[in-house]
Amino acid sequence: MKLDGFIRKLQNNFGDNVLTLSGNILITAPLHNAAAALDNSKIKPIKEAVKRIRQGYEFLEVDLVYGLTDIEIKFFANKKRLNSKEFLEEFNEKLLLLVQDILAQDAYSVRLNIFGKYCAEGKALTFRYLNKEDDVRYIVVDEEKRLLVDKIFTPKVVTALLVLTAAGYAGYVLYGKYFNK
């Protein structure tokens, strides 16, 4: 399992897609049952669902903030590289399952507001995730062409250039040492 996580992290670090994301999910208890918001038996499944999201998306910062009658799940990523070209759809499924799990427990009110920018396949998409009850969807607010510089200077290309430069220099030194007598 650890090797799997290492390989996934390596693939994401060398990925061609860039994600910037921020937002939250606000879970509010009903007014007549406000004390239940911090009941440990109801918070535990929420913590487990958040843990699954953290494990699936190591590049995301996910925090839980507890209030008197609410719980907030905060998401953040700033210009993180990832390998998946289908991130928006995959993350939508994870958020949908999370919201459905929360709503299945009690009469909580759930408000989801996550937004950001995702650069993939020559496009820079500005997106927003929203919900209505247990229906979670993302919408693309704006779409731009991706800059040529972003396409060329990816970690893969930079690493390849560094390796070629080091190999060329090593060849030059060896040539000078053994063949230039």
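In this report, we go over the structure that sits alongside the text. (Residues numbered from 1 in each chain as written. Predicted model: local features only at pLDDT ≥ 70, side-chain atom pairs only at ≥ 80, totals over all residues. Heavy atoms only, no water.)

Where helix α2 (residues 40–56) meets helix α3 (residues 87–105), the closest approach of the two axes is 10 Å, and the angle between their N-to-C directions is 175 degrees. With respect to α3, the element α2 is oriented roughly antiparallel. Within the contact between the two elements, α2 uses Lys-42, Pro-45, Ile-46, Ala-49, Arg-52 and Ile-53 and α3 uses Phe-91, Lys-94, Leu-98, Asp-101, Ile-102 and Gln-105. Among the residues forming the contact of α2 with α3, the class breakdown is seven nonpolar, one polar and four charged. (Axes fitted to C-alpha atoms, helices over the stretch in contact; angles between N-to-C directions. Helix = DSSP H or I, 4+ residues; strand = E, 2+ residues; numbered from the N terminus. Parallel < 35°, antiparallel > 145°, perpendicular 65-115°, else oblique. Contact = heavy atoms within 4.5 Å. Nonpolar A, V, L, I, M, F, W, Y, C, P; charged D, E, K, R; others polar.)

What follows covers the sheet that holds strand β6 (residues 135–145). Here six strands make up an open sheet; going across it, the order is β2-β3-β1-β4-β5-β6 and the pairing antiparallel. One side of each edge strand has no neighbouring strand; the edge strands of this open sheet are β2 (61–66) and β6. On average, each strand axis in the sheet is tilted by 10 degrees relative to the strand beside it, whichever way the strands run. Pairing analysis gives six bridges linking β2 to strand β3 (residues 70–82), with the strands arranged antiparallel. By the bridge assignment for β3, Asp-63 is matched with Lys-74. Of the strands in this sheet, β1 (17–28), β2 and β3 are in contact with α2, which crosses β2 at around 165 degrees. (Pairing = 2+ DSSP bridges.)

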